[in-house]
Amino acid sequence: IRVCRDDIRKMLGPSTMITNRREALISIIESTAVRNALKRGFDVVIDAHHLNPKVVSKWKSYVDMINTKEDIQLDIEFINMNTPLDICISRDTMRKGDQQLGKSTIIKLYKKYIHNSDDDKLYNKGRGILKVKLDEQTSSSIPTEKDMEW
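These notes cover the structure that comes with them. If you're wondering where the values come from, they're calculated on a predicted model, not measured in any experiment. (Residues numbered from 1 in each chain as written. Predicted model: local features only at pLDDT ≥ 70, side-chain atom pairs only at ≥ 80, totals over all residues. Heavy atoms only, no water.)

Attention shifts here to the overall build of the protein. Helix and strand content of the protein: five helices and four strands. In sequence order, the secondary structure elements of the protein are arranged as β-α-α-β-α-β-α-α-β. In the protein, once contacts between residues fewer than 6 apart in sequence are set aside, the share between residues at least 24 apart is 70%. With the model as given, the accessible surface of the protein reaches about 9,600 Å², and the carbon-plus-sulfur share is 52%. (Helix = DSSP H or I, 4+ residues; strand = E, 2+ residues; numbered from the N terminus. Contact = heavy atoms within 4.5 Å. Areas by Shrake-Rupley, 256 points an atom, 1.4 Å probe, with all protein chains shown as cover.)

Set out below in structure tokens:
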């Protein structure tokens, strides 16, 4: 399955502000979806616009915890999707209404996550995908939300 925080935000309905309370709820929904999919033997793709160190660390820790404590083996893979700036801007103009980010926002994000990135730091290259793959179908021992420290 594919889990994307932006899709969860849309599911929660329109909001003009990103608040800590709303983002905390999004994190709970995201981690619950991932955990339940893994428990049922599905591979999971975590679609993240900003594959930054905090996001990478969170999911690596989760996979490491499962691999250490449980009788299953998860593999995690990071896939960088480094789209050129002009294509990002062009695609944004095709979006409707509040789905548009705007050229200035895209340029700001590009400078933060792509233009100034270090090639050795995969997590700092913009839009990325984390794939978590369950090697065994025995997944009933995946930790619950209370076992996660994030």
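More follows now that the structure is in view.
Across the five residues of strand 2 (residues 44–48), four count as buried, placing the element largely inside the fold. Two elements, strand 1 (residues 2–4) and strand 2, share three bridges in a ladder whose sense is parallel. Note on strand 2: the bridge partner recorded for R2 is V45. (Buried < 20%, exposed > 50% of the residue type's maximum accessible area, 1.4 Å probe, protein only. Pairing = 2+ DSSP bridges.)

Here we take up the packing of helix 1 (residues 5–12) against helix 2 (residues 20–39). Remark: helix 1 packs on helix 2, axes separated minimally by 10 Å, with the N-to-C direction vectors making an angle of 115 degrees. When the axes of helix 1 and helix 2 are compared, the crossing they make is right-handed. The segment helix 1 lies against helix 2, with R5, I8, R9, M11 and L12 engaging R22, E23, L25, I26, S27, I29 and E30. Residues belonging to the contact of helix 1 with helix 2 are distributed by class as follows: six nonpolar, one polar and five charged. (Axes fitted to C-alpha atoms, helices over the stretch in contact; angles between N-to-C directions. Left-handed = near helix turned anticlockwise from the far one by under 90°. Nonpolar A, V, L, I, M, F, W, Y, C, P; charged D, E, K, R; others polar.)

A separate point is the pattern of salt bridges. This structure, assessed with the given rule, holds eight salt bridges. In this structure, the salt-bridge partner of E23 is R9, at a minimum N-O distance of 2.8 Å. Of this pair, E23 sits in helix 2 while R9 sits in helix 1, placing them 14 residues apart in sequence. You can call E23 buried: its relative accessible area is 16%. Across the pair D92 and R95 runs a salt bridge, and its minimum N-O distance is 2.8 Å. Looking at R95, the relative accessible area reads 33%, which means it is partly exposed. If you follow the salt bridges from partner to partner, you end up with R5, D6, R9, E23, E30 and K58 in one network. (Salt bridge = Lys/Arg side-chain N within 4 Å of Asp/Glu carboxyl O.)

All quantities given are derived from atomic positions and should not be read as evidence of function.
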